[in-house]
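# Structure at a glance
One-letter residues, chain by chain:
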Amino acid sequence: MKRRPLLHAELSHAIACMGHGDMLVIGDAGLPIPPGPRRIDLAVTAGIPAVDEVLCAVLSELQVERAIVATEAIERAAGQVPDWCLLPVAPEAVPHEDFKRLCQQARVMVRTGECTPYANVILIAGVTF
């Protein structure tokens with residue numbers, strides 16, 4: 001029986017199907033979603049839900065081995081992007097163009113209503129043991 005907070009049904013199923021090393025991207029409303037990854041659109045309106053809210057829910061379900069953000073997100077960290085301290089690991093930073101290329105390899109891309117530029121994170125699934 002599931003004992004953790006409930007998630008969006010499609011998102012919960014996607015997380016349950018992830019294996020070690022699979023990538024899940026949580027992105028702002030403007031992050032391009034390439035063909036290939038499963039797209040889960042959670043956006044209701046501008047700002048809802050925020051990346052932080054979705055990240056908290058996903059982290060309650062997913063064991064994270066690594067996290068990647070765009071260098072630009074770190075540079076704008078003065079309260080303009082989500083608080084990456086929610087992550088269980090320190091995020092690696094890559095240029096935004098490299099970040100978008102990595103998104104092509106993702107298993108799942110989750111679109112939020114976040115309107116803050118560079119408010120995107122790639123989570124790489126770990127294992128629970």
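Quick note: structure is the one above.
Residues numbered from 1 in each chain as written. Predicted model: local features only at pLDDT ≥ 70, side-chain atom pairs only at ≥ 80, totals over all residues. Heavy atoms only, no water.

## With respect to unusual backbone geometry
Cut-off, in case you're wondering: Numbering of helices and strands runs from the N terminus, with a helix taken as a DSSP run of H or I at least four residues long and a strand as a DSSP run of E at least two residues long. Categorising residues by exposure relies on relative accessible area from a 1.4 Å probe, with only protein chains included: less than 20% of the type maximum marks a residue as buried, more than 50% marks it as exposed, and the intermediate range marks it as partly exposed.
Here the residue pair Ile48 and Pro49 is connected by a cis peptide bond, since its omega of -10° sits within 30 degrees of zero. Following the sequence through the fold, Pro49 ends up in the loop between β2 (38-41) and α2 (51-59). A positive phi angle is found at Tyr118, which is not glycine, with a value near 70°. Residue placement: Tyr118 occurs in the loop between β5 (108-111) and β6 (121-125). By relative accessible area, which is 25% here, Tyr118 ends up partly exposed.

## Describing empty space enclosed by the protein
Definition in use: A cavity here means a set of 1 Å grid points, computed over protein atoms only, where a 1.4 Å probe fits but cannot escape. A pocket is an open set with protein on both sides within 12 Å along at least 5 of 7 lines, and lining residues have an atom within 4 Å of a point. Grid points are joined across faces, edges and corners, and a volume is the space filled by probe spheres set on the points.
According to the stated counting rule, one finds one cavity of 30 Å³ or more in the structure shown. If you add up the space inside the largest cavity, you get close to 40 Å³.

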